[in-house]
Amino acid sequence: MGLISEDDREYLKTEFNRNLKRAVKLLYFRKDKDESEYSEQTKELLEEVVALSDNLSLALKDCDDADETKSEGLDLCPSIKVKSERSGFINFYGIPAGHEFASFVEAINDMGSDNLSLPDDVVEGLREINKPVDIKVFITHGCPYCAGAVRNAHQFSLVNEKIKGSMVDANYFEELSMKHQVSSVPHIVINDKIDFVGNMPPKIFLDKIKEALK
């Protein structure tokens, strides 16, 4: 028996068939020969997901390949980067399990289509940003509100390629969570400068980005 139930598999097949108009590749970066339960469970989940659509593929990468991790803009390991011909930095530092599986599926659908669910005024404001923005959304898998914050960060990146949006598993990256004093989630960190807590509306999220760029 796999990690994804039979009912969920059928639902996802329908979703991917309806949404994916282009090929989407999942790049799974992990330490070479990492056979920990966390790593193997992540790999198993990704393999089950890509088996659900001909438009999905999986590439296993080594975090110790400094050139490739740098070219992909990654600074933590493990990482799952969702890529396609559509521009955008959509990334998961850690396994997208629990409530985060929903944001993972949305990320795949977004990269495989032209989906964008942001308000027009937010899109306009995002397009005006001309400096690099790194958004890290710290989550726990039991948090029902975190997936929305992750989706906002990812959709921001689809609008402006200067923006990087990443989910961060707060429990796995415990040291980094302590550094940013993560006690409640979702905890959003922008450019290691501005922190805020909660799944804020996109307009408030955008205002926080502007504050970080001052």
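Scroll up for the structure.
Source: prediction; values computed, not measured.

## Comments concerning the overall build of the protein chain
- When helices and strands are counted, the protein chain shows 8 helices and 8 strands.
- Taken over the C-alpha trace, the protein chain has a radius of gyration of 16 Å; the compact-globule value for 214 residues is 17 Å, and the two agree within 12%.
- Residues counted as buried form 51% of the 214 residues belonging to the protein chain.
- A separation of at least 24 residues holds for 73% of the contacts in the protein chain among residues at least 6 apart in sequence.

## Things to note about helix 2 (residues 37–50)
- Taking 1.5 Å as the rise per residue, helix 2 with 14 residues should run 20 Å; its terminal C-alpha atoms sit 20 Å apart, in good agreement.
- Among the residues making up helix 2, those that are buried are S39, T42, K43, L45, L46, E48, V49 and V50.
- Considering only its buried residues, helix 2 is in contact with helix 1 (6–19), strand 1 (24–30), strand 2 (56–62), strand 3 (79–83) and helix 4 (100–111).

## Comments concerning the pairing of strand 7 (residues 187–190)
- Burial along strand 7 is two-sided: H187 and V189 facing one way and I188 and I190 facing the other are all buried.
- The pairing of strand 5 (residues 133–139) with strand 7 spans 4 bridges and is classified as antiparallel. The partner of V137 across the bridge, within strand 7, is I188.
- With 4 bridges connecting them, strand 7 and strand 8 (residues 194–197) associate as antiparallel partners. Within strand 8, the residue paired with H187 across the bridge is V197.
- Hairpin remark: strand 7 followed by strand 8, antiparallel, with 3 residues in the connecting loop; positive phi at N191, about 55°.

## Things to note about the side chain of S79
- Structurally, S79 can be placed in strand 3.
- Polar contacts involving the side chain of S79 include one to the side chain of N91, which spans 2.6 Å.

## Brief notes about the state of the cysteines
- A complete count under the given rule lists 2 disulfides for this structure.
- Between C63 and C77 runs a disulfide, and the two sulfur atoms are separated by 1.9 Å. For the disulfide bridge between C63 and C77, the dihedral angle about the S-S bond is near 90°, and by the sign convention the bridge is right-handed. Here C77 lies in the loop between helix 3 (66–71) and strand 3 and C63 lies in the loop between strand 2 and helix 3, a separation of 14 residues in the sequence.

## Quick look at the environment of R86
- Relative to the elements of secondary structure, R86 occurs in the loop between strand 3 and strand 4 (89–93).
- Taking relative accessible area as the criterion, R86 reaches 14% and is therefore assigned buried.
- Dropping the residues within four chain positions of it, R86 is found in contact with R22, D110, M111, S113, D114, N115, L116 and L158.
- At 3.1 Å, the side chain of R86 and the backbone oxygen of S113 are in polar contact.

## Some points on a negative patch on the surface
- A cluster of acidic residues, D120, D121, E124 and E128, forms a negative patch at the surface.
- Relative to the elements of secondary structure, D121 occurs in helix 5 (residues 120–127).

## Regarding the environment of D64
- Among the secondary structure elements, D64 is positioned in the loop between strand 2 and helix 3.
- Sequence separation between D64 and E161 is 97 residues, and the spatial gap between their C-alpha atoms is 25 Å.
- A distance of 3.0 Å separates a polar atom in the side chain of D64 from a polar atom in the side chain of K31.

## Overview of the sheet that holds strand 2
- Judged by pairing direction, the sheet is mixed, and its 8 strands sit side by side in the order 2-1-3-4-6-5-7-8 without closing on themselves. Single-partner strands in this sheet number two, and they are strand 2 and strand 8. Strand after strand, the sheet turns through a mean of 20° between neighbouring axes, direction not considered.
- Bridging between strand 1 and strand 2 involves 7 bridges; their strand directions are parallel.

## Quick look at the packing of helix 4 against helix 6 (residues 146–159)
- Two elements in contact, helix 4 and helix 6, have axes separated by 8 Å at closest approach and are oriented at 20°. Looking at the two axes, helix 4 sits roughly parallel to helix 6. Crossing angle aside, the handedness with which helix 4 passes helix 6 is right-handed. Here E100, S103, E106, A107, D110 and M111 of helix 4 lie close against helix 6, whose contacting residues are C146, A147, V150, R151, H154, Q155 and L158.
- Class assignment for the residues of the contact of helix 4 with helix 6 results in 6 nonpolar, 3 polar and 4 charged.

Conventions used here
Residues numbered from 1 in each chain as written. Predicted model: local features only at pLDDT ≥ 70, side-chain atom pairs only at ≥ 80, totals over all residues. Heavy atoms only, no water. Helix = DSSP H or I, 4+ residues; strand = E, 2+ residues; numbered from the N terminus. Rg over C-alpha atoms; globule rule 2.2 N^0.38 Å. Buried < 20%, exposed > 50% of the residue type's maximum accessible area, 1.4 Å probe, protein only. Contact = heavy atoms within 4.5 Å. Expected span 1.5 Å × (residues − 1). Pairing = 2+ DSSP bridges. Polar contact = N/O pair within 3.5 Å; in protein donor to acceptor, adjacent residues only side chain to side chain. Disulfide = S-S within 2.5 Å. Patch = residues over 30% accessible without salt bridge, like charges linked within 9 Å, V, L, I, M, F, W, Y side chains within 5 Å. Areas by Shrake-Rupley, 256 points an atom, 1.4 Å probe, with all protein chains shown as cover. Salt bridge = Lys/Arg side-chain N within 4 Å of Asp/Glu carboxyl O. Lys, Arg positive; Asp, Glu negative; His and termini not counted. Charge placed at Lys NZ, Arg CZ, Asp CG, Glu CD. Axes fitted to C-alpha atoms, helices over the stretch in contact; angles between N-to-C directions. Parallel < 35°, antiparallel > 145°, perpendicular 65-115°, else oblique. Left-handed = near helix turned anticlockwise from the far one by under 90°. Nonpolar A, V, L, I, M, F, W, Y, C, P; charged D, E, K, R; others polar.

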